[in-house]
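Given next are the chains, with one letter for each unit.
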Amino acid sequence: MSDEIYVTRSSMPTYEEYTKAIKPLWNSAILTNMGTYHKKLEHELIHYLGVDNISLFCNGHMALELAIQALGLTGEVITTPFTFISTTHAIVRNGLEPVFCDINPTTYTIDVNKIESLITDKTSAIIPVHVYGNVCDVEAIDRIAKKYNLKVIYDAAHAFGVKINGQPIGTLGDASIFSFHATKVFNTVEGGAVVFRDKELGAKLYKLKNFGIESTEVVDMIGTNAKMNEFQTIMGLCNLKHIKREILKRKNVIDKYKTNLDGIPGLQILQMPKDIESNYSYFPIVCNENEFGASRDDIYEKLASYKIYCRKYFYPLTSDQECFNHKFDNCSIEIARKISSQVLTLPLYADLGLNDVDRICNIIIKMHSTKNNKFAS
Ligand SMILES: *Cc1c(COP(=O)(O)O)cnc(C)c1O
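Keep in mind that what you see is a predicted model, and the values were worked out from it rather than measured.

Colleague: Lay out helix α4 (residues 85-92) with the relevant residues and their values.
Modeller: For α4, the full list of buried residues reads Ser 86, Thr 87, Thr 88, Ala 90 and Ile 91. Those residues of α4 that are buried are in contact with α3 (60-70), β2 (76-79), β3 (97-100), β4 (123-127) and β5 (151-155).

See below:
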């Protein structure tokens, strides 16, 4: 097979299904501004996600940026550098200072034992990330937040539909954000949402995403434009119909990876605790060069030579990115730095063939055995 394999591929309805669904929209000529389908998607997502309140956005980043603004965060925010750049940008673009906390070496989420030492009188919130759909230590975070009177916003971009001990992930903290980007488990092409407990936050978010408009002649808030349009909401309604099947297919892919790669020396595979109902969003491996016999970059390049394109999520750490010009990189984040230099996310999407998974794994396994044979001879 000569076809390229990319790290991800969007889940989509059939062309016929989507065009049939947009027909009434086309006839109505009401394309955006929180119309019929927008309301319908909000309603269906509240049900699917098991949350009380939701507000849809043009993308996940604006959802986070405006959630931070709506909750009135100030000063310093404790967060993780092991995430997509969006998390850190959303903090900095709100005029706040990200304070980077190290991560747990097995779950890759924020290390709750290191949060308290970073709290100062300027700290207003914690923004942890359920990275790869792995759930943070939410109980400990809740305890710390209550003790120091901090707000908690979860970046749940990777955790659509995830549950812990049967509890929907979106019910935790003051708010959580989801991303419905084309590359995520559930997509609206581009899109996102804030889910939240306090109903009053909804009016604020609504205004912020709609230019701060209070009524036809009154604008009483400096808002922006971050609305989700009706082509996006209909894509979401179509994709939501198939979400269970798509997640099951992703599970089969991950099961296949695990069967092939479990127990190979030097490769750490993401383990989902039993109490988590996963959405199987990513499959990261962490490669210890000394034990495996080749580095993360070696695997990346070897697979690329077979036209299999992985991603080094998340490398570099967001704290180290050029745009921040060393302003926020003086934190003690050794574990995050180590994992970041060793991690590789392998291709994963619903339609990835199990024979392709075998092929990918065989290439990786061979790198290990080749090196080992050399040591043996
Ligand atoms: C995808 C993603 C976002 C941003 O979502 P968009 O919908 O692409 O704007 C934020 N945080 C994390 C961790 C992400 O992976």
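There is more to say, and it comes next.
Colleague: Can you tell me about unusual backbone geometry, naming the residues and giving the values?
Modeller: Cis geometry marks the peptide bond from Tyr 313 to Phe 314, where omega comes out at 5 degrees. In this fold, Phe 314 is placed in the loop between α10 (296-305) and α11 (334-342). With an omega of -10 degrees, the peptide bond running from Tyr 315 to Pro 316 counts as cis. Secondary-structure assignment places Pro 316 in the loop between α10 and α11.

Colleague: Can you tell me about the packing of aromatic side chains, naming the residues and giving the values?
Modeller: Enumeration over the complete set of coordinates arrives at 17 aromatic pairs. Arranged with centres 5.8 Å apart and planes meeting at 90 degrees, the rings of Phe 160 and Phe 180 form a pair that is edge-to-face. A residue pair is termed long-range when its members are at least 10 positions apart, and Phe 160 in the loop between β5 and β6 (163-164) and Phe 180 in the loop between β8 (175-179) and β9 (192-196) qualify at 20 residues. The exposure classification of Phe 160 matches that of Phe 180, with both residues buried. When the centroid spacing of 4.7 Å and the interplanar angle of 5 degrees are considered together, the rings of Tyr 257 and Phe 283 count as stacked. Of this pair, Tyr 257 sits in helix α8 (residues 243-261) while Phe 283 sits in the loop between β13 (276-277) and β14 (284-287); the two residues are 26 residues apart in sequence, bridging distant segments of the chain. In this pair, the class of Tyr 257 matches that of Phe 283, namely buried. Feature note: the residues Phe 82, Tyr 108, Tyr 132, Tyr 282, Tyr 313 and Phe 314 constitute an aromatic cluster, connected by ring pairs. A cation over an aromatic ring shows up here: Lys 209 above the ring of Phe 57, its NZ or CZ 5.0 Å from the ring centre. Sitting over the ring of Tyr 300, Lys 312 keeps its end group 4.5 Å from the ring centre.

Colleague: Please provide a residue-by-residue account of the layout of surface pockets, values included.
Modeller: Looking at the largest pocket, its volume works out to about 600 Å³. Those elements giving two or more residues to the lining of the largest pocket turn out to be α5 (138-148) and β5. Sort the elements by how many residues they give to the lining of the largest pocket and α5 lands first, with 5 residues. Tallied by class, the residues present in the lining of the largest pocket amount to 13 nonpolar, 8 polar and 8 charged. When its volume is computed, the second largest pocket comes out at roughly 490 Å³. Lining the second largest pocket are 30 residues, with Phe 84, Ser 179, His 181, Thr 183 and Lys 184 positioned closest to its centre. Contributing elements (two or more residues each) for the lining of the second largest pocket: α3, α4 and β8. It is α3 that contributes the most residues to the lining of the second largest pocket, 3 residues altogether. Looking at side-chain class alone, the lining of the second largest pocket contains 12 nonpolar, 14 polar and 4 charged residues.

Colleague: Requested: an account of the sheet that holds β3, with residues and values cited.
Modeller: Taken in spatial order, the 7 strands make up an open sheet running β1-β9-β8-β5-β4-β2-β3, and their pairing is mixed. Every other strand in the sheet has two partners, leaving β1 (53-57) and β3 as the edge strands with one partner each. Strand after strand, the sheet turns through a mean of 25 degrees between neighbouring axes, direction not considered. Inspection of the sheet shows β1 paired to β9 by 5 bridges, in the antiparallel sense.

Here is what the cut-offs are and how they apply
- Residues numbered from 1 in each chain as written.
- Predicted model: local features only at pLDDT ≥ 70, side-chain atom pairs only at ≥ 80, totals over all residues.
- Heavy atoms only, no water.
- Buried < 20%, exposed > 50% of the residue type's maximum accessible area, 1.4 Å probe, protein only.
- Helix = DSSP H or I, 4+ residues; strand = E, 2+ residues; numbered from the N terminus.
- Contact = heavy atoms within 4.5 Å.
- Phe/Tyr/Trp six-rings, centres within 6.5 Å; stacked < 30°, edge-to-face > 60°.
- Lys NZ or Arg CZ within 6 Å of the ring centre and 35° of its normal.
- 1 Å grid on protein atoms, 1.4 Å probe; cavity = no way out; pocket = protein on both sides within 12 Å on 5 of 7 lines; lining within 4 Å.
- Points joined across faces, edges and corners; volume = space filled by probe spheres on them.
- Nonpolar A, V, L, I, M, F, W, Y, C, P; charged D, E, K, R; others polar.
- Pairing = 2+ DSSP bridges.
- Axes fitted to C-alpha atoms, helices over the stretch in contact; angles between N-to-C directions.

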